[in-house]
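Topology and contacts: notes
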Amino acid sequence: MDRVRGSTPVSRTRRVQWGVTLLVIAVCAVVLANAELLGIAADLTPEERFSLSDATYALLDDVDDPLEIRYYVSDRLRELSDEPQRKEALLRRYSDAGGANVRVKIVSAADDGAREAEEAGLRAEQIQHENGDSIGVSSVYSGLTVSYLDRSRMIPFLFGHGQLEYQLSNAIYDVLRAERPRVAVMLGTHGEELDVDYAELVDELSDRFQLVELSGEKPEIPDDIDAVLLLGARDLTGAQSQELRRYLDGGGRALLTVDGIRIDLNTLEGEPVENEALDGLLDSVGFRVEPYAVMDERSNPISDGTAPGGTPYPPWIRTDRRNASPDHPVTRFSAGIDFFWPSPLLIDDFDNGRGGPLLVTTPGAWLQGEPMRFHPDEPSVLYRDRDASVGSYALAAWSENAAGEGSRAIVVGDSDFASNLVFYTGSFQNYMFVERSILWLFGEDQMATVHTRRRDPGALDRIEPEFPRLLISRIVESLNAVVLPVMLLLAGYLRLRRRRKIDQGERA
Amino acid sequence: MTGAYAIVRRDLLALTNSAIGWVVAALMLALSAGAFFWVNAFLARDVASMDAYFATWPALLAFLIPALTMRVFAEERSSGMDEMIGVLPISTGRVVAAKFASLGIYLLFVMLMTVPVPLGVSLLGELSPSLVLVQYVALLLLGLTMASVGLFVSSLCASQLLAYVLTTLVLFGLSFVDSLPVMLGLGAQWVEAARLISLDARYGRLSQGLLDVADIVFFAAMVAVFLRAATHAIHARRYGTNG
């Protein structure tokens with residue numbers, strides 16, 4: 001029998017093997033190209049950074065008419081970073097979760113796209129990037145518009161994908177509402193002006209809420225106000241306090257930023273705030289602010305300088321997920337806030353209503369009472385009262401139904417946290433805290449829990465005393481970088497020596 | 001199967017009976033931990049995270065895995081061992097798979113030796129166990145992929161030095177392939193396409209804590225392609241025909 005060349009059983013088997021290999025690779029390629037679209041992934045991050053919040057799903061369920069999200073992105077940005085791809089992946093999840101009513105359109109911001117982006121109010125931002133050995137600068141677009149019925153909102157520029165869900169879900173929440181909620185703002189410290197000392201906050205909030213400034217000797221809170229924001233209360237007047245109490249007794253909602261101390265920035269000395277009107281107001285919602293400064297060295301990465309001896313200075317405090325109450329909507333996914341010269345809050349037992357802390361210090365924090373001095377040349381003074389007062393202190397707290405039925409209050413023991421200081425330290429999470437607080441005050445508990453995708457690992461704070469902490473860290477370092485590798489080399493050397501002896505014995 | 005097991009055992013013994021196996025393992029441990037604790041100033045940064053630790057591994061593996069794989073086929077060819085294996089009643093594919101398995105076991109052993117790093121860090125601060133687990137999965141997938149590339153290059157080269165240099169170049173190329181279209185100014189589509197096959201980009205995505213099927217399939221496909229190619233190259237040499 002003649003055999004046809006190339007069709008022997010062996011070569012047929014080879015062809016089958018090659019065919020199977022190619023088929024497997026083709027299947028892998030198809031899955032590879034589509035897996036992201038199918039969303040087959042497990043988010044194992046502690047912050048659930050890659051999953052949509054329940055609040056976002058609930059929000060998208062409420063979309064009854066077509067809602068369009070347009071993402072304008074420059075090709076140059078795609079070349080420089082994979083951020084646009086990450087944003088698009090997240091936007092696809094909005095589209096999937098929202099069904100037919102949520103449309104996502106990716107627009108290349110070149111030529112017509114750039115014109116369209118400019119018309120929509122977006123702006124190109126300059127970003128720095130490596131360009132060979134030098135640093136190059138490119139002007140790129142990466143903004144969003146959200147349109148629903150005749151309403152629209154835009155996010156001018158998205159720097160990373162970390163904030164995208166928070167910003168986009170809040171933008172959708174805003175366009176779904178026919179009217180912007182009304183928020184009254186009251187100032188309680190002499191010499192402070194809303195458009196000057198809180199200009200950044202006003203800029204941030206006025207896009208979302210109708211801000212109504214309450215001024216004058218006898219301010220009146222209108223009936224149609226959804227929430228009140230008290231910014232600073234060192235010089236709160238009796239009339240202001242009375243009006244706020246009347247409002248809260250009637251089931252009102254307020255965010256109160258208060259101080260227990262007053263710092264003179266020229267002499268860097270402090271004095272207690274003695275204000276009965278403030279005490280009465282706080283008492284009505286279940287709190288008291290103590291006349292001390294709180295310091296917490298373990299939570300002080302915001303200070304840009306150090307006092308002699310390596311002491312972080314100024315003694316400001318950064319709180320994060322570890323310091324936040326996981327049970328309250330405002331802080332469940334909050335990045336925490338930065339405090340500048342905070343005072344501790346005492347929380348009532350609440351005969352009426354309920355409440356608790358929102359943000360606390362680490363257990364290593366301490367207080368400074370009178371005479372208060374914060375000069376960097378005297379770091380020892382900062383620690384003067386440490387041994388007598390070390391402990392964990394509440395810096396922000398909440399209460400519900402404490403003043404009147406239906407009332408809600410959030411108190412922050414530092415009015416500077418919402419001031420323009422935020423702009424200088426880059427503490428923009430403070431504004432996010434204000435927004436979340438306002439949403440909770442409105443009763444939008446779930447919206448307050450929309451999370452960010454910011455990576456937020458904790459600090460090395462399991463061991464508080466400095467010496468054992470340092471000792472253990474040195475042991476961990478040495479064990480892993482020196483002892484284990486040397487032991488491996490030693491084990492290898494002994495094995496090779498034994499092997500050589502065996503070989504020599506065999507040869508002999 | 002017995003033949004494949006014998007090869008796995010023989011290769012593992014070869015690794016432990018040579019200085020290179022121990023030196024590479026010690027270097028992996030010392031350099032990764034040294035970079036994490038001292039170069040990245042772990043204690044001074046005061047952050048309970050293993051991100052910086054796992055970020056050092058791609059470059060480390062790209063230098064050290066070729067030192068392990070360069071000898072796998074090249075040494076056997078120079079010592080005539082490949083002819084002995086050639087007469088074993090075992091298919092070429094199984095030979096390659098067995099050699100890959102022995103490298104995989106070796107990498108697993110090295111990774112086990114690194115477990116004291118997260119354990120030590122967790123004494124000092126709170127780590128997310130699930131995140132660290134995903135980071136180890138990402139590291140294992142990256143290591144296995146790089147080992148398969150090394151096996152393929154070794155199957156082509158008679159010289160160990162050439163195999164080392166070529167494997168290192170290929171691994172760095174595959175890791176940072178997404179930089180090339182940027183340097184050449186080829187445009188966003190090319191950059192995004194290159195990111196799809198970049199080992200570094202895939203490893204970076206996985207080690208953030210998102211266990212994505214796309215990334216796992218990618219690494220599995222890379223391993224399958226390079227092992228198949230190595231089988232093809234060895235078979236062609238063994239029998240003078242295509243595998």
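The rules behind each value
Residues numbered from 1 in each chain as written. Chains lettered and ligands numbered in written order. Predicted model: local features only at pLDDT ≥ 70, side-chain atom pairs only at ≥ 80, totals over all residues. Heavy atoms only, no water. Helix = DSSP H or I, 4+ residues; strand = E, 2+ residues; numbered from the N terminus. Rg over C-alpha atoms; globule rule 2.2 N^0.38 Å. Buried < 20%, exposed > 50% of the residue type's maximum accessible area, 1.4 Å probe, protein only. Contact = heavy atoms within 4.5 Å. Areas by Shrake-Rupley, 256 points an atom, 1.4 Å probe, with all protein chains shown as cover. Lys, Arg positive; Asp, Glu negative; His and termini not counted. Charge placed at Lys NZ, Arg CZ, Asp CG, Glu CD. Patch = residues over 30% accessible without salt bridge, like charges linked within 9 Å, V, L, I, M, F, W, Y side chains within 5 Å. Salt bridge = Lys/Arg side-chain N within 4 Å of Asp/Glu carboxyl O. Buried area = accessible area lost by both parts, 1.4 Å probe. Domains from an automatic or database assignment. Polar contact = N/O pair within 3.5 Å; in protein donor to acceptor, adjacent residues only side chain to side chain. Nonpolar A, V, L, I, M, F, W, Y, C, P; charged D, E, K, R; others polar. Pairing = 2+ DSSP bridges. Axes fitted to C-alpha atoms, helices over the stretch in contact; angles between N-to-C directions. Phe/Tyr/Trp six-rings, centres within 6.5 Å; stacked < 30°, edge-to-face > 60°. Lys NZ or Arg CZ within 6 Å of the ring centre and 35° of its normal. 1 Å grid on protein atoms, 1.4 Å probe; cavity = no way out; pocket = protein on both sides within 12 Å on 5 of 7 lines; lining within 4 Å. Points joined across faces, edges and corners; volume = space filled by probe spheres on them.

The subject of this paragraph is the overall build of chain A. When its secondary structure is counted, chain A shows 16 helices and 25 strands. The globule rule puts the C-alpha radius of gyration for 508 residues at 23 Å, and the 30 Å found for chain A is more than 25% above it. Projecting the C-alpha coordinates of chain A onto the three principal axes gives extents of approximately 115 × 75 × 50 Å. Looking at chain A residue by residue over its 508 residues, the buried ones come to 51%. Sequence-distant contacts, at least 24 apart, represent 73% of the contacts inside chain A between residues at least 6 apart. Of the roughly 24300 Å² of accessible surface on chain A, 49% is carried by carbon and sulfur atoms. For chain A, the distance from the average site of its 54 positive side-chain charges to the average site of its 83 negative ones is 16 Å.

In this section: a negative patch on the surface. Residues and elements named next belong to chain A. The grouping of E276, D279, D283, D348, D349 and D351 at the surface amounts to a negative patch. Mapped onto the fold, D351 is located in the loop between β20 (345–347) and β21 (354–360). Note on D351: relative accessible area 78%, which makes it exposed.

Contacts between the two partners involve 62 residues from chain B and, on the opposite side, 56 residues from chain A. Interface of chain B and chain A: buried area, both sides summed, is about 5300 Å²; carbon and sulfur atoms make up 65% of it. In terms of surface lost to chain A, no three residues of chain B exceed W22, L43 and L124 of chain B, which account for 13% of the buried area on that side. Joining chain B to chain A, the criterion identifies 1 salt bridge.

Now for the domain arrangement of chain A. Residue and element names in this part refer to chain A. According to the domain assignment, chain A contains domain 1 (54–164) and domain 2 (180–449). Centre-to-centre separation of domain 1 and domain 2, based on C-alpha positions: 34 Å. Between domain 1 and domain 2, the residue contacts involve 6 residues of the former and 6 residues of the latter. Both faces combined, the contact of domain 1 with domain 2 buries some 430 Å², and carbon together with sulfur accounts for 60% of it. Of all residues in domain 1, A55, R153 and Q163 give up the largest surface area on contact with domain 2, accounting jointly for 72% of the area buried on that side. Scanning the region where domain 1 abuts domain 2 turns up 0 salt bridges. Along the contact surface separating domain 1 from domain 2 lie 0 residue pairs in polar contact (both at pLDDT 80 or more). Sorting elements by how many residues they give to the side of domain 1 that touches domain 2 places helix α2 (residues 54–61) first, with 4 residues. The class makeup of the residues in the side of domain 1 that touches domain 2 is 3 nonpolar, 1 polar and 2 charged.

All names here are of chain A. Read from one edge of the open sheet, 3 strands run β12-β13-β23, paired in antiparallel fashion. Lying at the two open borders of the sheet, with one neighbouring strand each, are β12 (261–264) and β23 (372–373). As paired elements, strand β13 (residues 269–272) and β23 share 2 bridges and run antiparallel to each other. Residue pairing in the sheet places G270 in a bridge with M372 of β23.

Quick look at the pattern of salt bridges now. Residues and elements named next belong to chain A. Applying the stated rule across the entire model yields 33 salt bridges over all chains. Measuring nitrogen to oxygen at the nearest pair gives 2.6 Å for the salt bridge that ties R78 to E88. Pair noted here: R78 is in helix α3 (residues 75–80) and E88 is in helix α4 (residues 83–98), with a separation of 10 residues, a long-range link. What makes R78 buried here is its relative accessible area of 11%. With its nearest N and O atoms 3.3 Å apart, the salt bridge here joins R288 to E290. Judged by relative accessible area, which is 46%, R288 ranks as partly exposed. Each of R153, D174, R208 and E435 takes part in one network of salt bridges that share partners.

Now for the sheet that holds strand β3 (residues 102–108) of chain A. All names here are of chain A. Taken in spatial order, the 4 strands of this open sheet run β3-β2-β6-β7, and their pairing is mixed. Of all the strands in the sheet, just β3 and β7 (151–155) have a single pairing partner and so form its edges. For this sheet, the mean angle separating the axes of adjacent strands, direction not counted, is 15°. Each of β2 (67–73), β6 (142–148) and β7 is contacted by helix α6 (residues 164–176), which is oriented at about 160° to β7, the strand it contacts most.

This paragraph deals with the side chain of T167 of chain B. Along the chain, the position of T167 of chain B falls in helix α10 (residues 160–175). The residues contacting T167 of chain B, other than those within four sequence positions of it, are P66, T69, G150 and V153 of chain B.

In this structure the tally under the stated criterion is 22 aromatic pairs over all chains. Between W398 of chain A and W440 of chain A the ring centres are 6.0 Å apart and the planes differ by 85°, which places this aromatic pair in the edge-to-face class. Within this pair, whereas W398 of chain A is found in strand β24 (residues 394–400), its partner W440 of chain A is found in helix α15 (residues 429–442), the two being separated by 42 residues in sequence. Given a relative accessible area of 11%, W398 of chain A falls into the buried group. Ring centres of Y53 of chain B and W57 of chain B lie 6.2 Å apart, and the angle between their planes is 75°; this geometry places the pair in the edge-to-face category. Pairwise contacts between aromatic rings join F36, F37, F42, Y53, F54, W57 and Y136 of chain B into one cluster. The cationic tip of R386 of chain A hangs over the ring face of W366 of chain A; the distance from NZ or CZ to the ring centre is 4.6 Å. Just above the ring of F218 of chain B sits the side chain of R202 of chain B; from NZ or CZ to the centre is 4.8 Å.

With the rule as written, the count across this model stands at 2 cavities of 30 Å³ or more. Surrounding the largest cavity, 11 residues form its lining, E297, N300, P312, P315 and W366 of chain A being those nearest its centre. Here the lining of the largest cavity is composed, by residue class, of 7 nonpolar, 2 polar and 2 charged. Approximately 30 Å³ is the volume attributed to the second largest cavity. Lining the second largest cavity are M28, W57, L61, L107, V110, M111 and L139 of chain B. Looking at the lining of the second largest cavity, the elements that each hand over two or more residues are α5 (57–79) and α7 (92–114) of chain B. Looking at which element gives the most residues to the lining of the second largest cavity, the answer is α7 of chain B, with 3 residues. Class assignment of the residues belonging to the lining of the second largest cavity gives a composition of 7 nonpolar, no polar and no charged.

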